[in-house]
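# Breakdown of the fold
Listed here are the chains, written in short residue letters.
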Amino acid sequence: MSAMAKEPSGSKEDGDAFVLSSRRGSVLGLGTILKSDHFPGAQNKKLRPIVDGAPNFRQVDGLPVYGVAIPTIDGVLNVLKEVCDGDGERGGTSCCCCWHNMREEPVLYINGKPFVLREMEHPFANVEYTGITSSRVEDMEQRMKRDVLLEVGRFGGIMVCEETEEGDLVNSWEAVEPGDVQTPREVYEDFRALGYDVRYFRIPVTDERSPKEVDFDTLTRYVLEAPAHASLVFNCQMGRGRTTTAMIVATLLQVRRRARGAGDGQVPHWALETFAPDPSMVSPFSSLRDMQSPLDVELRGERLKSGDYLVIRSLLRVLEKGAESKLQIDACIDACAEFQSLREGIVTYRERFLNAASEKQRNNLQRVVIDYLERYFMLIAFTSYLNTACPDDPGNGAASQPALTFKDFVSNRSELYSMRERLLWHNPLTPMEV
């Protein structure tokens, strides 16, 4: 080993700074830390039920669709009990759970608790790997596990970072045995070995961004191929942005299945009118426009809340069944809004952007607003895809090989790409207007 590559010699007693500076792993390397995924205040107190070890657990009204923050290992068990009607039955057909992890950042479980890779200089920001595949993320987690075990062998434990009530980071040591360090997939495989019918899927999505077209296709395939009686659980870190988006997609697919008379259960009460045979007789915007001048302040606020933005109106004009698709996805967004409402989020961040005190704040908030608008844009386009290509209709082939994928649907419509680039990114102020 060359002098440049040689690891510093020393022990844990030499101090935290030495331990951090000695990291040379392929993933847990120099300048990186392992930060606890759970922190004070992560649980939204309004959500019910509160599930120990699984913050922000909730269910879509009338559907077996659930969202949750990344749980501890005990929290996984508690969620399985919740979605199995509290009995925790193992091996029975009534307790099939399809668990979808929407995170792109590498995570490890240490002593039953989740820790995420972060850069030391930016400990509160996710490390982004937009476009990464599930296999590559899981390979990173396996390599990070090896890095951790090498550090444990050297120091007798692993140094991690915990967040205090005040929002500060403090270093702490976890004494572990090799079996105490697991990747997320290994955790769920252990539950399967114990007899729980839990099926684990990874769909890497960048935090607070829209899923890519291929992510919509992957999510569609997993939801459609799930057993009709299965509970569908989605998580990211806090169970907020990526989780809610995935819940919206799963809700849309579940309601469409039930509206066709397929699957278990009935169409939820909140979806009956919207998913009627011909719900598009009235434009989702016409009643607002016809009532008063759009300059009316109160009406303007209502139009913002309804998602009546320039970029959305442009989108509806080019989409087949555009108005119908917006009504349907809006109903699903509202059904999944217990923790985060996408449309209300656009309004909130738009107001903060317009009233920002500094250029730096404006730039940061502008990115957030555009990301939210793009997510809304893509959800409407995806609903139009379902309404026109009908990939979830059993008569159109297997879910794993639909005649037309959403990726193909978007690729075949160059105007969708140009609208996103021109209206959202090249001229970001315009699409926020109504």
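One can find the structure itself at the top, above this paragraph.
The rules we used
- Counting starts from 1 at the beginning of each chain's written sequence and moves along it residue by residue.
- Local features are withheld for residues below a pLDDT of 70 in this predicted model, meaning they are given only at 70 or higher, and side-chain atom pairs are given and counted only at 80 or more; totals for whole chains, interfaces and linings count all residues.
- The side-chain quantities take in all heavy atoms of the structure and omit both hydrogens and water.
- Here, axes are lines fitted to C-alpha atoms. For helices the fit covers the stretch in contact, and angles between N-to-C directions go from 0 to 180 degrees.
- Here a strand is any run of E in DSSP of at least two residues, a helix any run of H or I of at least four, and the numbering for each starts at the N terminus.
- Each angle receives one of four descriptions, namely roughly parallel if under 35 degrees, roughly antiparallel if over 145, roughly perpendicular if within 65 to 115, and oblique otherwise.
- Definitions for this section: a left-handed crossing has its near helix turned counterclockwise from the far helix by less than a right angle. A right-handed crossing has that turn clockwise.
- Pairs of residues are marked as contacts when any of their non-hydrogen atoms sit within 4.5 Å.
- All amino acids are sorted into three groups, where Ala, Val, Leu, Ile, Met, Phe, Trp, Tyr, Cys and Pro are nonpolar, Asp, Glu, Lys and Arg are charged, and the leftover types, Gly among them, are polar.
- Strand pairing is assigned whenever DSSP detects at least two bridges linking the two strands.
- In this description, a disulfide is simply a cysteine sulfur pair whose atoms lie within 2.5 Å.
- Exposure categories follow from relative accessible area, calculated using a 1.4 Å probe and restricted to protein chains: below 20% of the type maximum is buried, above 50% is exposed, and the middle band is partly exposed.
- The length a helix should cover is 1.5 Å for every residue beyond the first.

## Considering the packing of helix H11 (residues 342-354) against helix H12 (residues 359-389)
The contact between H11 and H12 brings their axes to 9 Å, and the two run at 155°. Comparing their axes, H12 and H11 come out roughly antiparallel. Seen along the crossing, H11 lies across H12 with a hand that is left-handed. Of H12, the residues touching H11 (which contributes Leu342, Arg343, Gly345, Ile346, Tyr349, Arg350, Arg352, Phe353 and Leu354) are Arg362, Leu365, Gln366, Val368, Val369, Tyr372, Leu373, Arg375, Tyr376 and Leu379. For the contact of H11 with H12, the per-class residue count stands at 12 nonpolar, two polar and five charged.

## Quick look at the sheet that holds strand E11 (residues 231-235)
Reading across from one edge, E2-E3-E11-E4-E10 is the order of the five strands in this open sheet, with mixed pairing throughout. Since the sheet does not close on itself, it has two edges, and those belong to strand E2 (58-59) and strand E10 (198-205), each with one partner. The sheet contact formed by strand E4 (residues 97-103) and E10 spans six bridges and is parallel. Within the sheet, the bridge partner assigned to Cys97 lies in E10 and is Val198.

## Regarding the state of the cysteines
Scanning all chains against the criterion turns up one disulfide. Across a sulfur-sulfur distance of 1.7 Å, Cys84 and Cys95 are joined as a disulfide pair. Between Cys84 and Cys95 the disulfide shows an S-S torsion of about 65°. By sign, it is right-handed. Of this pair, Cys84 sits in the loop between helix H2 (73-83) and E4 while Cys95 sits in the loop between H2 and E4, and the two are 11 residues apart along the sequence. You'll find Cys84 and Cys95 in the same group, each marked buried. The thiol sulfur of Cys332 is not disulfide-bonded, and the nearest other cysteine sulfur, from Cys336, lies at 6.7 Å. Owing to a relative accessible area of 0%, Cys332 belongs among the buried residues under this scheme.

## Structural notes on helix H10 (residues 322-335)
Here H10 contains 14 residues, and its C-alpha end-to-end distance of 20 Å stays within 8% of the 20 Å for a straight helix at 1.5 Å per residue. Taking burial as the measure, the 14 residues of H10 include 10 buried ones, the bulk of the element. Within the span of H10, buried status applies to Gly322, Glu324, Ser325, Lys326, Gln328, Ile329, Asp330, Ala331, Cys332 and Ile333.

## Observations concerning the pairing of strand E5 (residues 107-110)
Where burial is concerned, the two faces of E5 agree: the one with Val107 and Tyr109 and the one with Leu108 and Ile110 are both buried. Here E5 runs beside strand E6 (residues 113-119); their pairing, made up of four bridges, is antiparallel. Bridging across to E6, Tyr109 finds its partner in Pro114. Hairpin connection from E5 to E6: two residues lie between these consecutive antiparallel strands, with Asn111 at a positive phi of about 55°. Where E5 meets strand E9 (residues 181-182), two bridges bridge the pair, whose relative direction is antiparallel. Across the sheet, the residue bridging to Ile110 is Val181, located in E9.

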